[in-house]
Amino acid sequence: MKKIGFIGVGIMGKSMVRNLMKSGFELHIFARNKEKVQDVIDEGAVFHGSIAECVKDAEAVITIVGFPKDVEEVYFDSGNILDSAKKGAYLIDMTTTSPALAEKIYSEGTKRGFKVLDAPVTGGDTGAKNGTLSILAGGDKAVYEDCIPLFKAMGTNINYQGTAGCGQHAKMANQIAIAGTLSGVCEALAYAKAKGLDLDVLLKSISTGAAGSKQMDSFAPKIIKGDYNPGFFLKHFIKDMGIAVEEANKSNLKLDILEKVLENYKMLEADGNGSLGTQALIKHYQ
């Protein structure tokens, strides 16, 4: 497997493309705005003006786009992936999307002779840049095993979660854990500020103990500096949490903390903060 079609060359995708090229894969990319991906074109990626052209000769197609509607479009719209990829190709959706949509792509793709995986990732823009993403794969295990060399170019913690859709369910569990943890970090900092503590000293004091977390390490320093630049868009986290709530409801689970954090984020989005990073949750407490 050498020739890869890649759709979704954004904050995460661009670094993933670079790491695949560093590992010797031949990258063919599609993006709506060529100027935004000119840097990776200059580094060796081959640009195509349509999805059909991008995927037609690829041995594997990777997608990491924004929302479920975008996934639907790139796979199912006339002339796109399912109509244009060559039979036998591996189709790997690395977008965080609904488990039901992952199952739909698997079902339709398998019928048409493709090998389909859902393989969402965690680790944010830093993990994408460093090639240390966690990859959560669902689908046929033999197909997953075929794709391990591809995954190793992008990540270091690569695990098979189960049948089609299970990669997405694992990502939902990840996002649920983040929602509670990041809100805890924000509430701790809001409390400390209200009581007149030095936030840098506080962070140094508590981040290495039981209160410490990846979310604290990644985002508390940014919050203290007022840096809301996105490693992961607030609006995309809202999408993920919304899917998680829907899936929880299907299993008669009431996840109170998740629902409250989602409500807080939705208020921030309504105030025009959707394109900030997830750490902008602190604004809810200001």
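Notes on the structure follow.

### Details of the layout of surface pockets
- Here the largest pocket is characterised by a volume of approximately 1,600 Å³.
- Forming the boundary of the largest pocket are 49 residues, of which Ile11, Met12, Gly231, Phe232 and His236 lie nearest the centre.
- Within the residue set of the lining of the largest pocket, elements represented by two or more residues are α1 (11-22), α4 (68-76), β7 (121-122), α7 (124-130), α10 (166-194), α12 (214-225) and α13 (234-250).
- If you tally residues by element for the lining of the largest pocket, the top one is α10, at 6 residues.
- In the lining of the largest pocket, the residues fall into 19 nonpolar, 20 polar and 10 charged.

### As for empty space enclosed by the protein
- Counted according to the given criterion, the structure contains 1 cavity of 30 Å³ or more.
- By volume, the largest cavity amounts to about 30 Å³.
- Lining the largest cavity are Asp93, Ala102, Ile105, Val116, Leu117 and Asp118.
- At the level of secondary structure, the elements contributing two or more residues to the lining of the largest cavity comprise α6 (99-111) and β6 (115-118).
- Among the elements that make up the lining of the largest cavity, the one with the highest residue count is β6 (3 residues).
- When grouped by side-chain class, the residues that make up the lining of the largest cavity number 4 nonpolar, no polar and 2 charged.

### Observations concerning the pairing of strand β8 (residues 133-139)
- For β8, the buried fraction is high: 7 of the 7 residues fall into the buried class.
- Here β8 shows no split at all, with Leu133, Ile135, Ala137 and Gly139 on one side and Ser134, Leu136 and Gly138 on the other all buried.
- The pairing of β6 with β8 spans 2 bridges and is antiparallel. Across the sheet, residue Asp118 finds its bridge partner in β8, namely Gly138.
- Sheet analysis places β7 next to β8, joined by 2 bridges and oriented antiparallel. Bridge pairing links Thr122 to Ser134 in β8.

### Considerations on unusual backbone geometry
- Of note in this structure, Asn252 is not a glycine but carries a positive phi near 55°.
- By secondary structure assignment, the location of Asn252 is in the loop between α13 and α14 (256-270).
- The class for Asn252 is exposed, based on a relative accessible area of 75%.

### Description of the pattern of salt bridges
- In the structure shown here, the tally under the stated rule is 14 salt bridges.
- Between Lys69 and Asp70 there is a salt bridge, with the nearest N and O atoms lying 3.5 Å from each other.
- Among the residues examined, Asp70 registers a relative accessible area of 13% and is labelled buried.
- Linked by salt bridges that have partners in common, Lys14, Arg18, Asp39 and Glu43 make up one network.

### Observations concerning the state of the cysteines
- Following the criterion strictly, the structure yields 0 disulfides and no others.
- This cysteine, Cys166, is not joined by any disulfide, and Cys147 carries the nearest cysteine sulfur, 17 Å off.
- Its relative accessible area of 23% is what places Cys166 among the partly exposed residues.

### Points about the packing of aromatic side chains
- Summed over all chains, the structure comprises 4 aromatic pairs.
- Their ring planes at 35° and their centres at 5.4 Å tell us that Tyr144 and Tyr160 sit as a pair that is tilted. A residue pair is termed long-range when its members are at least 10 positions apart, and Tyr144 in helix α8 (residues 141-146) and Tyr160 in strand β9 (residues 155-162) qualify at 16 residues.
- With 6.3 Å between their ring centres and 70° between their planes, Phe232 and Phe237 make a pair best called edge-to-face.
- Since its relative accessible area comes to 1%, Phe237 is described here as buried.
- A cation over a ring is seen here: Lys104 above Phe76, with NZ or CZ 4.5 Å from the ring centre.
- When the ring centre of Phe233 is taken as reference, the NZ or CZ atom of Lys235 above it lies at 5.2 Å.

### Quick look at α4
- For α4, the complete set of buried residues consists of Asp70, Val71, Val74 and Tyr75. The buried side chains of α4 occupy one side of the element, clustering within an arc of 120° when seen end-on.

### Re the nonpolar core
- Counting residues in hydrophobic clusters, the biggest one holds 37 residues, and the most contacted among them are Phe6, Met16, Met94 and Phe151.
- Ranked by residue count, the leading element in this core is α1, at 5 residues.
- Residues in contact with Phe6, not counting those within four places in the same chain, are Gly13, Met16, Val17, Leu20, Leu27, His28, Ile29, Phe30, Cys54, Ile62 and Ile64.
- Ala179, Val185, Leu262 and Tyr265 belong to the second-largest nonpolar core, a separate cluster that totals 30 residues.

About the cut-offs
Residues numbered from 1 in each chain as written. Predicted model: local features only at pLDDT ≥ 70, side-chain atom pairs only at ≥ 80, totals over all residues. Heavy atoms only, no water. 1 Å grid on protein atoms, 1.4 Å probe; cavity = no way out; pocket = protein on both sides within 12 Å on 5 of 7 lines; lining within 4 Å. Points joined across faces, edges and corners; volume = space filled by probe spheres on them. Helix = DSSP H or I, 4+ residues; strand = E, 2+ residues; numbered from the N terminus. Nonpolar A, V, L, I, M, F, W, Y, C, P; charged D, E, K, R; others polar. Buried < 20%, exposed > 50% of the residue type's maximum accessible area, 1.4 Å probe, protein only. Pairing = 2+ DSSP bridges. Salt bridge = Lys/Arg side-chain N within 4 Å of Asp/Glu carboxyl O. Disulfide = S-S within 2.5 Å. Phe/Tyr/Trp six-rings, centres within 6.5 Å; stacked < 30°, edge-to-face > 60°. Lys NZ or Arg CZ within 6 Å of the ring centre and 35° of its normal. Arc of directions from axis to C-beta. Core = buried A, V, L, I, M, F, W, Y, C linked by side-chain atoms within 4.5 Å. Contact = heavy atoms within 4.5 Å.

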